[in-house]
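Each chain, written out:
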Amino acid sequence: MATASYGYYRATIFLAMFAGYTLYYFNRKTFSFVIPSVMEEIPLDKDDMGMITSSQSLAYGISKFISGVLSDQVSARWLFSIGLFVVGGINVVFSRSSTVAVFSVLWFLNGLGQGFGWPPCGRLLRKWFEPSQFGTWWAILSCSMNLAGSLGPIITLVLAQTYSWRTILAASGLICVALSFVCLLVIKNEPKDVGLPNLDVAAKKKKGAASGEESSLAEFLLSPYLWLLSLSYLVVFGVKTACTDWGQLFLIQDKGQSMLMGSSYMSALEVGGLLGNLAAGYISDKAVARQGLRIHGNPRHFILMVMMAGMVASMYLFRVTVSPDSPKVWILSLGAAFGFSSYGPIALFGLIANESAPSNLCGTSHAIVALMANIGGFLSGLPFGTIAKHHGWETAFWVAEVLCGVTTVGFFLLRNIRTKMGNVSKKAD
C-alpha cells in the first residue's frame, strides 16, 4: 500500500514539475521565438535585441542564486508555483507593450520569475526519490527544456501564420498562469505532507559520519577547481546561449536561409541537446562506476572535454560551410550536433560541482557555478549583439568559437588538478 502511494504521488508530482518547467522554459524563450515577427512591427536593431535578452539573463542569474538558498528555507511547492504565475503574467503584459525600454524591464522581471523554477525542482526530487534514482529523474526532468526548445519554434511559427506575436505571447502566458494553480494543488513538499514516511532516515543516521567531510566556506571558496568549473561553465553556457538566441537570425540574415529553416535549425539543436543531456549523464556514470571518484581528476572529464571539442567543431562547420545553397539536411545535422555537444557539458558542470563539493556546501557549489553560467548568458546578449552590429554575425560567431576552443584547451591542461573541493585530510590526499 505504501509503495503504491509513493508511486502515485511521485508520478503526479513529477508530471506537474515536468509540465510546469516546460512552460517555464517556453516562456523564457518566447521573445527569441517571435523576434522575426516583432521586427516586422517594431524597428529593433541588434543593440536593442541584445539589451532585452541580456536583461533577462542578468535577472535570471541573480534570482536563481537567491532561489537556491531560499528553496531550503521555504516551501518548494509555493516557490515553484509563484514563479510560474509571475512568468505567465509578465508574458501577458509584454504582449501589450511596444517600446524597447518597457520590453527590457518586463523581460528583466521575467528573468526574476524564471529563477524560481529549477531550485525547487531539485529539492522536490531529493525528497521524493531514492538517491539511486535521483540522477535519472534529474536528467529526464532536464529534458523538459529540450522539449520546449525543440517544439517551441515550430509551434510559434505555425501559430504566427494565423495569429500575431502579441496573441501568441498572451496565450502562452495565460496557460502558464493556469498551470501554476494546478501545480500548487498537485505538488507536495515531502512524503510526510501526505502521511507517508520521509526518505531521509538513512541520511539522519549518517549525519555524524558526514561531519568529517565538511569544510568551512573559506576553504571551499579557495579551491581552484571551483573556479575552473565556474569559468568553463561561463564560457560554455554563454556560447550555447548565443547560438540558441542568435542562430536563426544568423541563418536568415547572413546565410540566406528562410524563416522555416531558421526555426527548424533551432528545433534540431534542441533535439540534439536532449540526446546529449541523457548521453552525458549515462556515459559519465559508467566511467565513475568503472574508475571511481578520485582526489585528483574526475572520470567525467573525458566525455566533458570531448563534447566541448564537439561544440567548437560544429560551430566552425556551421560558420564556414553553410550557404544559401546548402542542403537542408546538412544544416539540421549541424544544429543537432551543436545541441548534442553543448547540452552535455551544461548537465555535467552542475553535476560535477555537486559531487566534488563538501557535503555541507553542495548547494552553494551548484549556486556559484550556475551564477557564473548566467553571467555567460548575459554576455551573450548585449556584448554579442554589439559585436554583430559593428562587425557582422560572421565575426561574432568566430569570437564565440575561439573562446570555446581556448576554454577546452585550458580545461584539458588542468584536467588532473585536485578536484575534491574544500578540506581534504592528509591521509586521503
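Because the structure is predicted, anything quoted here is derived from the model rather than measured.

Draft legend 1. Region of the structure containing a nonpolar patch on the surface. Taken together, the side chains of Leu58, Ile62, Phe65, Ile66, Leu70 and Val74 define a hydrophobic patch exposed on the protein surface, amounting to about 440 Å² of accessible area. Within the secondary structure layout, Leu70 lies in helix H2 (residues 46–70).

Draft legend 2. Region of interest: the environment of Thr12. In this fold, Thr12 is placed in helix H1 (residues 2–41). A sequence separation of 389 residues divides Thr12 from Glu401, and the C-alpha atoms of the two residues are 42 Å apart.

Draft legend 3. Summary view of the pattern of salt bridges. Enumeration according to the criterion identifies 4 salt bridges in this entry. The partner of Glu41 in a salt bridge is Arg166, with the nearest N and O atoms 2.7 Å apart. With Glu41 in helix H1 and Arg166 in helix H7 (residues 165–186), this pair connects stretches of sequence that are 125 residues apart. Glu41 sits in the partly exposed class, given a relative accessible area of 44%. Owing to a relative accessible area of 18%, Arg166 belongs among the buried residues under this scheme. Notably, a salt bridge pairs Glu190 with Lys192, separated by 3.6 Å at the nearest N-O pair.

Draft legend 4. Up close: the packing of aromatic side chains. Enumeration over the complete set of coordinates arrives at 23 aromatic pairs. A centroid spacing of 4.5 Å and a plane angle of 20° characterise the contact between Phe94 and Phe103, whose relative ring orientation is stacked. Owing to a relative accessible area of 0%, Phe94 belongs among the buried residues under this scheme. A residue is classified by how much of its surface remains accessible, and Phe103, at 0% relative accessible area, is buried. Aromatic ring contacts, followed pair by pair, group Trp246, Phe250, Tyr265, Phe318, Trp393 and Phe397 into a single cluster. Against the face of Tyr60 rests Arg28, its NZ or CZ located 4.4 Å from the ring centre.

Draft legend 5. View of the nonpolar core. Ranked by size, the top nonpolar core spans 101 residues in total, and within it Met17, Leu229 and Val239 carry the most contacts. The greatest single-element share of this core, amounting to 16 residues, is contributed by helix H11 (residues 224–253).

Draft legend 6. Summary view of the side chain of Arg166. There is a polar contact of 2.7 Å between the side chain of Arg166 and the backbone oxygen of Ser97. Contact partners of Arg166, with chain neighbours within four places excluded, come to Glu41, Ile42, Ser95, Arg96, Ser97 and Ser98.

Draft legend 7. Region of interest: the confidence of the model for the protein. Scored by pLDDT, the protein has a mean of 83; 92% of the residues are at 70 or more. Between the elements of the protein, mean pLDDT differs from a low of 43, seen in helix H9 (residues 207–210), to a high of 94, seen in H7. For the stretch residues 201–212, pLDDT sits under 50, and the model shows 1 contact to residues farther than four places along the chain or on other chains.

Draft legend 8. Structural view of the packing of H11 against helix H12 (residues 259–291). With their axes 8 Å apart at the nearest point, H11 and H12 run at an angle of 150° to one another. Relative to H12, the element H11 is oriented roughly antiparallel. The two elements H11 and H12 cross, and the hand of that crossing is right-handed. Residues Cys243, Thr244, Gln248, Leu251 and Ile252 of H11 form the contact with H12, whose own contacting residues are Met259, Met261, Gly262, Ser263, Tyr265, Met266, Leu269 and Glu270.

Draft legend 9. Broad picture of the environment of Gly88. By the secondary structure assignment, Gly88 is in helix H3 (residues 76–94). A relative accessible area of 0% means that Gly88 is categorised as buried. Through-space distance from the C-alpha of Gly88 to that of Ala170 is 8.3 Å; in sequence the pair is 82 residues apart. Excluding residues within four positions of it along the chain, Gly88 makes contact with Gly173, Cys176 and Val177.

Draft legend 10. Seen up close, the packing of H3 against helix H4 (residues 100–114). Here H3 crosses H4 at 165°, and the two axes come no closer than 8 Å. When the interaxial angle is binned, H3 and H4 end up roughly antiparallel. Crossing of H3 over H4 shows left-handed handedness. When H3 is examined against H4, the residues Gly83, Val86, Val87, Ile90, Asn91, Val93 and Phe94 are found in contact with a partner set consisting of Phe103, Leu106, Trp107, Leu109, Asn110, Gly113 and Gln114. Residue classes in the contact of H3 with H4 are distributed as 9 nonpolar, 5 polar and no charged.

Thresholds applied
Residues numbered from 1 in each chain as written. Predicted model: local features only at pLDDT ≥ 70, side-chain atom pairs only at ≥ 80, totals over all residues. Heavy atoms only, no water. Patch = residues over 30% accessible without salt bridge, like charges linked within 9 Å, V, L, I, M, F, W, Y side chains within 5 Å. Areas by Shrake-Rupley, 256 points an atom, 1.4 Å probe, with all protein chains shown as cover. Salt bridge = Lys/Arg side-chain N within 4 Å of Asp/Glu carboxyl O. Helix = DSSP H or I, 4+ residues; strand = E, 2+ residues; numbered from the N terminus. Buried < 20%, exposed > 50% of the residue type's maximum accessible area, 1.4 Å probe, protein only. Phe/Tyr/Trp six-rings, centres within 6.5 Å; stacked < 30°, edge-to-face > 60°. Lys NZ or Arg CZ within 6 Å of the ring centre and 35° of its normal. Core = buried A, V, L, I, M, F, W, Y, C linked by side-chain atoms within 4.5 Å. Polar contact = N/O pair within 3.5 Å; in protein donor to acceptor, adjacent residues only side chain to side chain. Contact = heavy atoms within 4.5 Å. pLDDT = per-residue confidence, 0-100. Axes fitted to C-alpha atoms, helices over the stretch in contact; angles between N-to-C directions. Parallel < 35°, antiparallel > 145°, perpendicular 65-115°, else oblique. Left-handed = near helix turned anticlockwise from the far one by under 90°. Nonpolar A, V, L, I, M, F, W, Y, C, P; charged D, E, K, R; others polar.

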